[in-house]
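Chain residues, written in single-letter form:
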Amino acid sequence: MPQTRYSRFVPELVRKKARFFLGAGLAGLGLRLLLVWRFPGVVDDSRFYANIAENWLQHGVYGVTNSGVIMPTLSRLPGYPAFLAAIFALFGIENFRAVLLVQVVLDLGTCFLIADLARRLLSERAAQAGFLLAAVCPFLANYAATALTETLEIFFTVLALDLAICGFGAFSVDGRGRRRGLTWLGCGLSIGAGILLRPDGGILLAAVGGYLLWLLLRSPLRTSGRVPVSPLSIVWAGVLVAVGATAPLIPWTLRNLHTMHRFEPLAPRYANDSDELVTTGFNRWVKTWIEDYVSVQEIYWNVPGTELDFTRLPTHSFDSPLQRDQTRQVFADYNRDHDLTAELDARFAALAAERIHAAPFRYYLWLPAVRIADMWLRPRTELFPSDPRWWEFNDDRRWLAVSLGLGVINLVYVAIAAAGLLRVREIVGIGLFVLFLFLRSVFLGTLENPEPRYTLECYPVVILLASAIFHQAE
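Structure report, in brief. Since this is a predicted model, take the numbers as computed values, not measurements. (Residues numbered from 1 in each chain as written. Predicted model: local features only at pLDDT ≥ 70, side-chain atom pairs only at ≥ 80, totals over all residues. Heavy atoms only, no water.)

Side note on the pairing of strand 1 (residues 63–66)
Stated formally: When DSSP finds two or more bridges between a pair of strands, those strands are recorded as paired. In this description a helix means any DSSP run of H or I spanning at least four residues, a strand means any run of E spanning at least two, and both kinds are numbered starting from the N terminus.
In the sheet, strand 1 pairs with strand 2 (residues 69–72) via 4 bridges, with the strands oriented antiparallel. Residue pairing across strands places Asn-66 opposite Val-69, the latter belonging to strand 2. In this antiparallel pair of consecutive strands, strand 1 and strand 2, the connection spans 2 residues, and Ser-67 shows a positive phi of 55 degrees.

Structure below.
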């Protein structure tokens, strides 16, 4: 088991290094407040969540307003609307400034949790490095200034990981059975809170469960510290995590059964309501060629309702002149009404089937790998008015500099994390973080819309591994 510092907590380190944490914390706060002031992010999804929150708060209906009528919905999980409803109740309806300021506080809390993770797993020096890297990370700060689920999802992800590492350490502490149980239950509840924000929060449950299973298979009855670590302790930890993670979903599932007459413990794959057409043919066709975030903006998000520009398709989106002509014709038919009907969706499905049959390796392995690489390595400028085609170097000089600068910063974080992993790969517990990165990356490769923000939940792990560069045994 990891030799974590079970009885010591990060406030002790903060008191010892008060000047450092004060300075780094103020730098992090200043960065986040600057972004809230200059680039507050209130996007279409923000308003959709807000509409649910307002209807829930004012009318007692978890639903969306459609042509003046409130319609119950299950298209979004209730975590973020509940958060917005609480803020709106305290500070006024649609007070997004208050929402962003609360998220800033939570994001700074994430920085302290990352420091605590590094302290438990590595050393106090690594904890300081982790806190600084998190506080000045422009990507975490950017989403703290945006009314989306990311900041809360990241907070609960790090909290769950910190409690998991604490729980591993508790395996070797004699006479703390109740405390150990509460730690694992808290880990599960944190995962459950993340799932209530986004369905893909369940990936963390799979990672923690998978790592516990690996420990169970690898070292039954192996001793750690003063007491034996029995398989029963590991199994009991897994049960508590599973119970904590799934229990928060029960009220939501029962509500969907009662109100929507549908068993839905999470949210639909495409965030659709029961009466909405799911364009599976179009989505499958997109996955036969999409590689990067640019195509998400220029093609994927435009359907339905917006003109599709055939010239924006990359050349690898068709395999022959005939297929190119067929694709152009489907685009032209869609552009007449900007509506993706069942008939058009079936034509996209036929194109997808033909392309997958011709090149299954491309569809199942190559393109997912390219999408994963794009989400991890491209400049994270999606919340700024930068040109997503930064490599064409025809953007305004200021925003081109922002794109290049953030791209370099992202590469530096990832490179340092890779170096840190090589340094501490033998530490027990690191496997949990590697498994989480792997599972989440593989899952993201299956999506039609490779958005860089989907890897942001992994960034605390990136920062933790980067802090290992500064680790010194104590």
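Here the narrative resumes.
Notes on the nonpolar core
Under the convention used in this document: For this analysis, a nonpolar core means a set of buried residues of the types Ala, Val, Leu, Ile, Met, Phe, Trp, Tyr and Cys, connected via side-chain atoms within 4.5 Å. Buried means the residue's accessible area, taken with a 1.4 Å probe over protein chains only, is under 20% of the maximum for its type, while exposed means over 50%, and partly exposed covers the values in between.
If you look at the biggest cluster of nonpolar residues, it comprises 93 residues, and the most contacted ones within it are Tyr-80, Leu-84, Trp-184, Ile-191, Tyr-459 and Ile-463. The element best represented in this core is helix 5 (residues 96–121), accounting for 13 residues. Counting residues in hydrophobic clusters, the runner-up holds 22 residues, among them Ile-299, Val-330, Leu-344 and Leu-351.

Considerations on the side chain of Ser-190
Our working definition: By definition in these notes, contact holds between two residues if any of their heavy atoms fall within 4.5 Å.
Within the secondary structure, Ser-190 is located in helix 9 (residues 177–197). Judged by its relative accessible area of 6%, Ser-190 falls in the buried class. Excluding its chain neighbours within four sequence positions, the residues that come into contact with Ser-190 are Phe-156, Leu-159, Ala-160 and Leu-163.

Describing the environment of Val-461
Of note, Val-461 is situated in helix 20 (residues 459–467). Placed 65 residues apart in sequence, Val-461 and Asp-396 show a C-alpha to C-alpha distance of 34 Å. When residues no more than four places from it in sequence are discounted, the contact partners of Val-461 are Leu-161, Phe-433, Phe-436 and Leu-437.

Observations regarding helix 3 (residues 44–59)
Formally: Every helix has an expected span of 1.5 Å times one less than the residues it contains.
Its 16 residues give helix 3 an end-to-end C-alpha distance of 22 Å, which sits within 8% of 22 Å, the value for a rise of 1.5 Å per residue. Turning to helix 3, its buried residues are Ser-46, Tyr-49, Ala-50, Asn-51, Ile-52, Ala-53, Glu-54 and Asn-55. Contacts made by the buried residues of helix 3 are with strand 1, strand 2, helix 4 (79–91) and helix 5.

Considering unusual backbone geometry
A cis amide bond, omega -5 degrees, links Val-303 with the succeeding residue Pro-304. Note on placement: Pro-304 falls in the loop between helix 14 (293–298) and helix 15 (321–337). Positive phi is not limited to glycine here, since Ala-271 has a value of about 50 degrees. With a relative accessible area of 30%, Ala-271 lands in the partly exposed category. Notably, Phe-393 is not glycine yet its phi reads approximately 55 degrees, a positive angle. Mapped onto the fold, Phe-393 is located in the loop between helix 17 (360–377) and helix 18 (397–424).

Re the packing of aromatic side chains
Cut-off, in case you're wondering: Each Phe, Tyr or Trp ring, with Trp reduced to its six-membered ring, pairs with another whose centre is within 6.5 Å; inter-plane angles below 30 degrees give stacked pairs, above 60 give edge-to-face pairs, and intermediate values give tilted ones. Criterion for a charge above a ring: Lys NZ or Arg CZ within 6 Å of the ring centre, and within 35 degrees of the ring normal.
Taken as a whole, this structure holds 31 aromatic pairs when the rule is applied. Judged by centre distance (6.2 Å) and plane angle (15 degrees), the rings of Phe-21 and Phe-112 are stacked. With Phe-21 in helix 2 (residues 18–38) and Phe-112 in helix 5, the pair connects residues that are 91 residues apart, well separated along the chain. A relative accessible area of 32% means that Phe-112 is categorised as partly exposed. The interplanar angle of 85 degrees and the centroid separation of 6.0 Å between the aromatic rings of Trp-390 and Trp-391 together place this pair among those described as edge-to-face. An aromatic cluster is built from Phe-282, Trp-285, Trp-289, Tyr-300, Phe-310, Phe-318, Phe-331 and Phe-348, whose rings are joined through pairwise contacts. Taking NZ or CZ as reference, Arg-269 lies 4.4 Å from the ring centre of Tyr-270, over its face.

Details of the side chain of Asn-55
For Asn-55, the position within the fold is in helix 3. In this view, Asn-55 contacts Gly-60, Val-61, Gly-63, Val-64, Thr-65 and Ile-70; residues no more than four positions away in its chain are not counted.

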